[in-house]
Amino acid sequence: MSRYVHVPRPTEHAAIRACEQSPRPTLQIPAILADLITANRASDRRGVNLCAHLVARAALKKVGE
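Residues numbered from 1 in each chain as written. Predicted model: local features only at pLDDT ≥ 70, side-chain atom pairs only at ≥ 80, totals over all residues. Heavy atoms only, no water.

Thoughts on the overall build of the protein chain
Looking only at helices and strands, one finds 3 helices and 0 strands in the protein chain. Taking all 65 residues of the protein chain together, the buried fraction comes to 9%. Of the roughly 6300 Å² of accessible surface on the protein chain, a fraction of 59% belongs to carbon and sulfur atoms. (Helix = DSSP H or I, 4+ residues; strand = E, 2+ residues; numbered from the N terminus. Buried < 20%, exposed > 50% of the residue type's maximum accessible area, 1.4 Å probe, protein only. Areas by Shrake-Rupley, 256 points an atom, 1.4 Å probe, with all protein chains shown as cover.)

Laid out in structure tokens, this is it:
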């Protein structure tokens, strides 16, 4: 029986730190809403779901539970 052992890569911690310190680009709500409407008209359920989550994230300014 083998056991899974996590072996961190040398650049893993550096990449995580760089990601945490870099500012996130601001999301433009009107552009996302336009994409949401387009996805809805095209019956793209995945696109609608993605755009809805992006609008919520942009409006709330945080990722929550």
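Topic: the confidence of the model for the protein chain
Model confidence for the protein chain is summarised by a mean pLDDT of 81, while 86% of its residues fall at 70 or above. Across the protein chain, the secondary-structure element scoring lowest on mean pLDDT is helix α1 (residues 12-21), at 76, and the one scoring highest is helix α2 (residues 29-41), at 93. (pLDDT = per-residue confidence, 0-100.)

With respect to helix α3 (residues 45-60)
Helical geometry: 3.6 residues make up each α-helical turn, so side chains three or four residues apart lie on a common side. The end-to-end C-alpha distance of α3, which contains 16 residues, comes to 23 Å, matching closely the 22 Å that a straight helix rising 1.5 Å per residue would cover. Taken together, the buried positions of α3 are G47, C51, V55 and A58. Around the axis of α3, the buried residues are gathered within 70 degrees of arc, so they sit on the same side. Opposite the buried face of α3, by more than 90 degrees, sit the exposed residues R45, R46, H53 and L60. (Expected span 1.5 Å × (residues − 1). Arc of directions from axis to C-beta.)

Re the packing of α2 against α3
The relative placement of two packed helices comes down to the angle between their axes together with the axis-to-axis distance. Following both chains from N to C, one finds α2 and α3 inclined at 160 degrees, their axes separated by 8 Å at the closest point. Considered as vectors, α2 and α3 are oriented roughly antiparallel to each other. Between α2 and α3 lies a crossing whose hand is left-handed. Here α2 contributes I29, I32, L33, D35, L36, A39 and N40 to the contact with α3, which in turn contributes G47, V48, C51, A52, L54, V55, A58 and A59. Class assignment of the residues belonging to the contact of α2 with α3 gives a composition of 12 nonpolar, 2 polar and 1 charged. (Axes fitted to C-alpha atoms, helices over the stretch in contact; angles between N-to-C directions. Parallel < 35°, antiparallel > 145°, perpendicular 65-115°, else oblique. Left-handed = near helix turned anticlockwise from the far one by under 90°. Contact = heavy atoms within 4.5 Å. Nonpolar A, V, L, I, M, F, W, Y, C, P; charged D, E, K, R; others polar.)

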